[in-house]
Structure formats: C-alpha cells, structure tokens
Amino acid sequence: MHNRFWFLYGNDLELAIEQLEKLIKLSEDDQETQIKLISLLTYLGAYDKCDKWLKECNGEKHVTGQQSRYRIHRARNERNPWRGLIDKETQCNVDELVKNYMHSNKPITVDLVGGIGDQLENAALLLASLKQLPNSDLIKMRPNGENYLVVRKLLEQVKGLQLANHDVITDSLRVSIPWFRNWLGENNLEKLPIQLLNDELPELGKKVQLLACWRCKIDANNPLSSFSRSIPFRTIQILYSQMETIQQERQINVIDISEYRESEKAILLKSHPWLVLARENIRCLDDTRNIMKTCNYIASVDTSLVHLAVACGRKIQLLLNKIPDERWLDLLTNPGNYRNHIELYQQERFHNWEKPINNFLNRMRLEF
C-alpha cells in the first residue's frame, strides 16, 4: 500500500476520513486526482461528505464522479440509483432506443460487466426482471471481461436464460447492464435476483466438510476495497488456531480456496496439517461448484463464492466488512434469494474482524 494513504488501512475511521479530506483539499489543482480521492469517501461510508465535494468541484462530469453519485444514491436507498451513472441526455437516448426496440420486436443484447460475482448477480436479476416482459425472448445476455468464458460456461446451464454470441453481434441493440438496469428502474421493472441453479445439500452423515474463502481478488484499481473485504493473514492464522479445537472434536475437513503466497501456505500447513489449500485446483466456476457439492458448510468474505453459492441455492456464511458494497443493502434487506441463503456476520468496527469471526466460530460450535 502507498505510504501516502496509510490512514485508510488502519482501524480509526474518523482519522481516515479526516486525513482523506486534507488530501482532497491539497489536490485542487489536479481535478482528476481530486475526483479519485473524493470517490474514496464512499468506501469509508462518508456519503454526505462525498456528496458535498462532488457538488463543489462539479465532479459528476467525470466517470469516477458518476460512480460515486451512484453509490451515494444506493446508500441512501433512493429510487433507481443507476441514474447516477448516466447523464440525462444519454439516459433519454438509451431509454428511447430500448423502448423502440422492444415495441418493434427487435433483439437487445445486455452486456454483463464487472467481476464474476457482479455478472452472476446481474444475470439472476435480469432473469427475474425479464419474466414480466411479453417479448423477453428478444433480450439476451452477454458475459464480458477477462472472466467471460467461465461465467458463460456456468450460465449456459441455466434454463430459460438466453446468451448472445460473444463474437458476432448482428442488428441487436447493445446496452451495458448498468444502463439497462436504469431502464428497468425507471419503468419499475427491476426485481431481486432469483436462483439460477439447484445444487442440493450433500448427504455426508455426521461428516462435516467446510469450504472457505477468506480473501477476495486484489483489485489494482481499488486496493482499499480489496483490503477492506479480505481478512489479513495474521487474523486468518488466529481464526484457524481458534478453529483447532472444533476441528479435533468433530474431525472437520476444511477446504480453503483463498489465494495465498507460498510462504503463507507453508505457515498454515505446518501449523494446521488438516487444512486443504485448494486454490490451485480451481480454473473455472464449475471447479468451485464441484467442490461446493462435496461440502455441507460454506463460509466466505465478499467474493464471487458468495454469489455462486446463492445462485446455486446453497446456504453460506458471509463475513462482511463494516462499510460494504452498497449492493448488500438491497440484497440482505429485502426478501429474496440472497437473504434466504446468507447468514451474516458483519464488522462492528472499521477493519476489525474479531467480532464477526467470534460469532462465526460460536455458530460452528453450536451447529457441529
């Protein structure tokens, strides 16, 4: 992490906000840098401060500022937060195009963007929302990005979900998922994600097999988010040390698919030889899904594993940071597939995993 931003990675939230605002003031001569710094306020939960700064520097002229505005809308539970990502003129043009294509029975391709979890969540949401439309067969989804092949392979197994050819787009109107969700929101058509697949709980008798992931993928463009959502290695060591007694009493098999450095793997396996570190065995979503099918217990921080488990109808224990992605405000508050399948253990203090880990371990002791 950059020494300049040391305060973002500690446990003092008030200090982090205070120091960040100082940097924002010092960056007035470099608007691009200033907007990026302002956007970090949303990851600290300082939505009102972010709102104030965006207005002061006309930040919504920039994509990063628009993304911050969207996050503010969503955190405030405002109607159709996606409108923050699109200016009014473009919004009118997109809405008119979608309406014309729908009325003319012309095909529409919705590009799924973001990480694996984003694309699975949005595919499940689109499938639920499109069920209301009489000509929904004209709307197809198209996974995108570096992980499009693994997402596509999983979605090909979902009944009733239509995928567009990745390489050949004919006369179809192409709309990215944020813009299409804006159209759904403006027309009160957006529904919560539904279950995509049905993986039943394995019958393992008294045997307990736990699948765990304690780290999310590092995002070079947003290291703060990656750090906030992941459990630090030292804390993972403490977690497994506390789990030792439970493991010995019940002979729990733990399959950990977190990404570790070689030195970290050696430390964990030396201290806990009963651990199975399986990250290198995973090359696609089906690999993860096949491991899931052998486990009767799943736990994870905010990673694609959570979205995959929910999409497949599996219960999962979610360890969530204090200021999470705003999507969780919808997914865990409103009745639906996510709330039905997730048991939540959330930080009460900034970057402090002690309480959620203790609650998770207490649940394991009771359940096992």
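One structure accompanies this document, and this report is about it. This is a predicted model, so every value here is computed, not measured.

Definitions and cut-offs
- Residues numbered from 1 in each chain as written.
- Predicted model: local features only at pLDDT ≥ 70, side-chain atom pairs only at ≥ 80, totals over all residues.
- Heavy atoms only, no water.
- Pairing = 2+ DSSP bridges.
- Helix = DSSP H or I, 4+ residues; strand = E, 2+ residues; numbered from the N terminus.
- Axes fitted to C-alpha atoms, helices over the stretch in contact; angles between N-to-C directions.
- Expected span 1.5 Å × (residues − 1).
- Bend = angle between axes of the 7 residues up to and from the residue.
- Buried < 20%, exposed > 50% of the residue type's maximum accessible area, 1.4 Å probe, protein only.
- Contact = heavy atoms within 4.5 Å.
- Phe/Tyr/Trp six-rings, centres within 6.5 Å; stacked < 30°, edge-to-face > 60°.
- Lys NZ or Arg CZ within 6 Å of the ring centre and 35° of its normal.

### Thoughts on the sheet that holds strand β2 (residues 139-143)
Thinking step 1. The sheet built from three strands is open, its strands ordered β2-β1-β3 with parallel pairing. Edge positions in the open sheet fall to β2 and β3 (173-176), since each of these has one partner strand only. Averaged over all neighbouring strand pairs, the angle between strand axes comes to 30°, with direction disregarded.

### Brief notes about the sheet that holds strand β8 (residues 316-320)
Thinking step 1. With parallel pairing, the six strands of this open sheet are ordered in space as β6-β5-β4-β7-β8-β9. Sheet topology places β6 (275-277) and β9 (342-346) at the edges, where each strand pairs with a single neighbour. Strand-to-strand, the axes of this sheet are offset by a mean angle of 20°, without reference to chain direction.

### Notes on helix α10 (residues 233-250)
Thinking step 1. Taking 1.5 Å per residue as the helical rise, α10 with its 18 residues ought to reach 26 Å, and the 25 Å between its terminal C-alpha atoms agrees with that figure.
Thinking step 2. Largest kink in α10: about 40°, centred on M243.
Thinking step 3. Residues F233, I236, Q237, L239, Y240, M243, E244, I246 and Q247 constitute the buried set of α10.
Thinking step 4. Residues of α10 that are buried make contact with β4 (209-213), β5 (253-256), α11 (262-271), β6 and α16 (354-367).
Thinking step 5. Q251 sits one or two residues past α10 and shows a positive phi near 55°.

### A few points about the environment of L173
Thinking step 1. Following the sequence through the fold, L173 ends up in strand β3.
Thinking step 2. Each C-alpha atom, one on L173 and one on P107, is 6.5 Å from the other, the two residues being 66 residues apart in sequence.
Thinking step 3. L173 has contacts with L97, V98, Y101, P107, I108 and T109, leaving out every residue within four places of it along the chain.

### A few points about the packing of aromatic side chains
Thinking step 1. Tallied over the entire structure, the rule returns eleven aromatic pairs.
Thinking step 2. For the pair W214 and Y240, a centre-to-centre distance of 6.5 Å together with 70° between the ring planes defines the contact as edge-to-face. Taken as a pair, W214 in the loop between β4 and α9 (223-229) and Y240 in helix α10 lie far apart in primary sequence, 26 residues in all.
Thinking step 3. Here W214 falls in the buried class, since its relative accessible area comes to 0%.
Thinking step 4. Taking relative accessible area as the criterion, Y240 reaches 0% and is therefore assigned buried.
Thinking step 5. Taken together through their ring pairs, the aromatic side chains of W214, Y240, W274, Y345 and F360 make up a single cluster.
Thinking step 6. Sitting above the plane of the Y101 ring, K106 keeps its charged end 5.4 Å from the centroid.

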